[in-house]
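Secondary and tertiary structure notes
The residues making up each chain are set out below.
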Number of protein chains: 2
Amino acid sequence: MAHVRTYSSRPVLTVNLTALADNYKYFAAKAGGARIGASVKADAYGLGAGIVGRALYGAGCRIFFVAHAGEGKILRNSIGAKASIYVLSGNTPQDTAIFFGSKLKPVINSLTQARDWVKAIKAVNHAPRTALHFDTGINRLGIPAEEAEVFADDKELIAALDVDLVMSHLACSGDAEHALNESQLGRFKRISARMPMVPLSLANTGGIYLGAKYHFKLVRPGMGLYGGKVTTQSDKEGVKPVVELHAPVLQIKTVKAGETIGYDGSFTARTDMKIAIVSAGYADGLPVNLSGSDKRIVTSARLGKHRVPVVGRVSMDYTILDITNYDGFVELGAKAVFFGENLEEQAAHARTINYEVMTHLGARCRKIYVNE
Amino acid sequence: MAHVRTYSSRPVLTVNLTALADNYKYFAAKAGGARIGASVKADAYGLGAGIVGRALYGAGCRIFFVAHAGEGKILRNSIGAKASIYVLSGNTPQDTAIFFGSKLKPVINSLTQARDWVKAIKAVNHAPRTALHFDTGINRLGIPAEEAEVFADDKELIAALDVDLVMSHLACSGDAEHALNESQLGRFKRISARMPMVPLSLANTGGIYLGAKYHFKLVRPGMGLYGGKVTTQSDKEGVKPVVELHAPVLQIKTVKAGETIGYDGSFTARTDMKIAIVSAGYADGLPVNLSGSDKRIVTSARLGKHRVPVVGRVSMDYTILDITNYDGFVELGAKAVFFGENLEEQAAHARTINYEVMTHLGARCRKIYVNE
């Protein structure tokens, strides 16, 4: 087999920073006067928080959200001292030094976190400011209704916390018709009215699509920035795909009719076939549920200008493509492409959600950041 | 809420190195006189190839398999110069320098790789030796039957490759009754008889369980070393669990009957409930398909001495546990435990395989290596 270019067996994740910046501008425009606080938790959904954060900073973003203090530290080292970095999990006892050292703002989710923080900052000058996060109906992390009363009444606590943002999180923003949206909006307005006069924030990506009354002073897109669709009306979402998984062709071979392909012999060649073995598997985030068996062919990859089916079990490191009917010559080192504009469809075929697929893509791939 | 110990919001993956070493000894005993070549590809299935590799080296392992040259380089830096490291994807043009620099042995999967390698080593002294990998029926990566003839006839090529291992890979070793096992064994014997007199290797973890005639001189366990079950008769597999995911409790709250919990409102409280929000989600490898909805509660976590159900959608960073009927006091910072001896069951509940779950566990968790 000829191969005309150099290539590595390691798969590549391409992250299109131009599309990322375009998506940032798209949400900035959609949110009107509201500012953007980018969610870059979980290593920017697997895409690399350092470089993604810097690209968003370059596009104008000055407010970021991460899940853990350790993530905040990495981001701080990448984007410099000027931006606000909020830690969504809030302060936990072991991480206090990281909050102070990297100037991270805790998102206060409970009275315990509030009191721990107030106690901790007595030891330092210029402690970071904080956000208050009220649970308005998601029943996940966040200050519950009964504790909200305490916050509303305890002026001394509020003053000590030096709050600069009051926020909540929507549970069902992907479905514009869901009754919980209005209910959460109402609860958020009622509780925030009893808090200090600081910027308010309610909307994640889905919340931005819900319209102006959900935007307040700050919106917090995550998945949308990375090109993911999040609503039941995804054709109305104007984001550009950011991520593709490129798996190099390592080998091309023929298979005789009647032979099986891959683990468990779950796919049987009905005719003589030509297959390409590409170098990416579930350790690279290609879900095992995209495997093609005798029962069903689930998905395909883009190879050159064509799409070719995935056959046999997706294994840890390799995936097999049926190129029997491929119209053209496939070189070794050519890249089979997964995801991109296909992300939602392929996630659905894998019986999961685009978010989960995306977070697993960066684990082993070499990341290549593209500026168009 | 009281919390009596210090803790971070970041989840922890515990890797039990004593159990790992015990599993190594278990397979060494099972394989009789055959040596063990440990599969530590994909960062040792997500557990950290550097430390896992060193622990296996400490247990006596001197032969390792990785998928890519870059993985081999990291492993070499961790375990030192004396062990053999084979790269299963074989040599690819861009990685040649890494093979030479880190003394990695390519697993030759095709005539193209063989000829590329022979060409490349002309430029160096003391080139690494190689393995030949024949495809005996998995129809994935490996030298196909027609190319095997060329290898058998071309003594000059074989001499130049300086082969020190001849191997193949089983497709259906998890099912002792599958006809492909015997078929692959026969093909492997026929082709290896025409190769140089070097050690032979056919068995992955499943192949070790198939019995002595599959063992040859070297067996290559992967999943089994990490405590994973791989066969249809898993009760006969004597491995010890190695991996647990520990998610700290960040908050405890009550939910009123009729309210929903988590994203999409997919779980509704039928009575007043008490829930614990724990800090681990699908970005930490907890599959979204373990979510508990009104339709079905899929799984539970271990909390202290009890098991408590997962309710609502597993989200990127957090998961919610129903502790309404928990008999005892739950502290903040207490750890909810997923996987361990439960790995296969929870993977099945998540509609995937234990291998895929394991490879995703190490992405964000802090890894703590335990010696019992």
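Residues numbered from 1 in each chain as written. Chains lettered and ligands numbered in written order. Predicted model: local features only at pLDDT ≥ 70, side-chain atom pairs only at ≥ 80, totals over all residues.

Of regular secondary structure, chain A possesses twelve helices and 18 strands. Along the three orthogonal principal directions, the C-alpha set of chain A runs to about 80 × 40 × 35 Å. Within chain A, residue pairs in contact and separated by at least 24 positions form 65% of the contacts whose partners lie at least 6 positions apart. (Helix = DSSP H or I, 4+ residues; strand = E, 2+ residues; numbered from the N terminus. Contact = placed C-beta atoms within 7 Å.)

Let's shift gears to the relation of the copies chain B and chain A. By a simple turn and slide, chain B fits onto chain A: the slide is 0.0 Å along the axis, the RMSD is 0.0 Å, and the turn is 180°. Taken together, the rotation and translation describe the operation of a two-fold axis. Mapped onto chain A, 100% of the interface residues of chain B are again interface residues, and the two copies thus contact each other with one and the same surface. (Least-squares fit on C-alpha atoms with pLDDT ≥ 70 in both.)

Listed as interface residues are 61 residues of chain B and, on the opposing side, 61 residues of chain A. Looking at the side of chain B that touches chain A, the elements with two or more residues in it are helix 2 (41–45), strand 10 (243–255), strand 11 (260–261), strand 13 (273–278) and helix 12 (354–361) of chain B. Tallied by class, residues from the side of chain B that touches chain A come to 27 nonpolar, 23 polar and eleven charged. (Nonpolar A, V, L, I, M, F, W, Y, C, P; charged D, E, K, R; others polar.)

Mean pLDDT over chain A stands at 97; residues scoring 70 or higher make up 99%. Confidence metrics for the complex model read pTM 0.97 and ipTM 0.97. (pLDDT = per-residue confidence, 0-100.)

Now for the packing of helix 3 (residues 49–58) of chain A against helix 4 (residues 69–79) of chain A. Residue and element names in this part refer to chain A. Packing of helix 3 against helix 4 leaves a shortest axis separation of 9 Å and a crossing angle of 50°. Our classification of the angle between helix 3 and helix 4 gives oblique. As for the relative orientation of helix 3 and helix 4, their crossing is right-handed in sense. Between helix 3, through Ala 49, Gly 50, Gly 53, Arg 54 and Tyr 57, and helix 4, the contact on the second element is made entirely by Glu 71, Ile 74, Leu 75, Ser 78 and Ile 79. Of the residues contributing to the contact of helix 3 with helix 4, the split by class is five nonpolar, three polar and two charged. (Axes fitted to C-alpha atoms, helices over the stretch in contact; angles between N-to-C directions. Parallel < 35°, antiparallel > 145°, perpendicular 65-115°, else oblique. Left-handed = near helix turned anticlockwise from the far one by under 90°.)

Another point: unusual backbone geometry. Notably, A:Asp162 is not glycine yet its phi reads approximately 55°, a positive angle. The partly exposed category is assigned to A:Asp162, around which 16 C-beta atoms lie within 10 Å. Phi at B:Tyr45 is positive, roughly 55°, even though this residue is not glycine. Checked against the element boundaries, B:Tyr45 lands in helix 2. (Buried ≥ 20, exposed ≤ 12 C-beta atoms within 10 Å, placed from the backbone.)

What follows is about the environment of B:Thr232. Residue and element names in this part refer to chain B. Here Thr 232 is to be found in the loop between strand 9 (218–219) and strand 10. The spatial distance from the C-alpha of Thr 232 to the C-alpha of Phe 329 is 40 Å, given a sequence separation of 97 residues. When residues no more than four places from it in sequence are discounted, the contact partners of Thr 232 are Gly 174 and Asp 175.

Further remarks concern the nonpolar core. Ranked by internal contacts, the top residues of the largest apolar core, which has 248 residues, are A:Ile275, A:Val278, A:Leu321, B:Ile275, B:Val278 and B:Leu321. Apart from the residues within four sequence positions on either side, B:Ile275 is in contact with A:Asn139, B:Lys253, B:Val255, B:Ile261, B:Val311, B:Ile320, B:Leu321, B:Asp322 and B:Ile323. (Core = buried A, V, L, I, M, F, W, Y, C linked by C-beta atoms within 7 Å.)

Residues and elements named next belong to chain A. Parsing chain A into structural domains produces domain 1 (31–228) and domain 2 (241–370). Each of domain 1 and domain 2 has a C-alpha centre, and the two are 38 Å apart. With three residues, helix 2 (residues 41–45) is the largest single contributor of residues to the side of domain 1 that touches domain 2. Taken together, the residues of the side of domain 1 that touches domain 2 break down into six nonpolar, four polar and one charged. (Domains from an automatic or database assignment.)

Residue and element names in this part refer to chain A. Here Leu 104 shows up in the loop between helix 5 (96–101) and strand 5 (105–108). Through-space distance from the C-alpha of Leu 104 to that of Asn 91 is 9.6 Å; in sequence the pair is 13 residues apart. Apart from residues no more than four positions distant in its own chain, Leu 104 is found in contact with Ala 69, Gly 72, Ile 85, Val 87, Ile 98, Phe 99 and Pro 128.

All right, on to the pairing of strand 13 of chain B then. Residue and element names in this part refer to chain B. Counting buried residues along strand 13, five of its six residues qualify, which places the element largely inside the surrounding structure. Looking at chain direction, strand 10 and strand 13 are connected through six bridges and run antiparallel. Looking across to strand 13, one finds that Val 255 is bridged to Met 273. Taken together, the four bridges between strand 13 and strand 16 (residues 319–322) define a ladder with antiparallel strand orientation. Looking at the pairing, Ile 277 lines up with Ile 320 of strand 16. (Pairing = 2+ DSSP bridges.)

Once that is clear, we can look at helix 1 (residues 17–30) of chain B. Residues and elements named next belong to chain B. Look at helix 1: 20 Å from first C-alpha to last across 14 residues, which is about the 20 Å you get at 1.5 Å a residue. Buried residues in helix 1 make contact with strand 1 (12–16), strand 2 (35–39), helix 3 (49–58), helix 10 (205–209), strand 9 and strand 18 (366–370). Looking at the residues trailing helix 1, positive phi occurs at Gly 32, about 60°. (Expected span 1.5 Å × (residues − 1).)

Locating A:Leu180 in the fold gives a position in helix 9 (residues 179–192). Excluding residues that lie within four positions of it along the chain, A:Leu180 makes contacts with A:Gly137, A:Ala171, A:Cys172 and B:Gly265.

What follows deals with the pairing of strand 17 (residues 335–339) of chain B. Residues and elements named next belong to chain B. Most of strand 17 is tucked away, with four of its five residues classed as buried. When strand 10 meets strand 17, the two strands line up antiparallel, connected through five bridges. Among the inter-strand pairings, Pro 248 is bridged to a residue of strand 17, identified as Lys 335. Where strand 14 (residues 300–303) and strand 17 come together, two bridges link them in antiparallel fashion. Looking at the pairing, Arg 302 lines up with Val 337 of strand 17.

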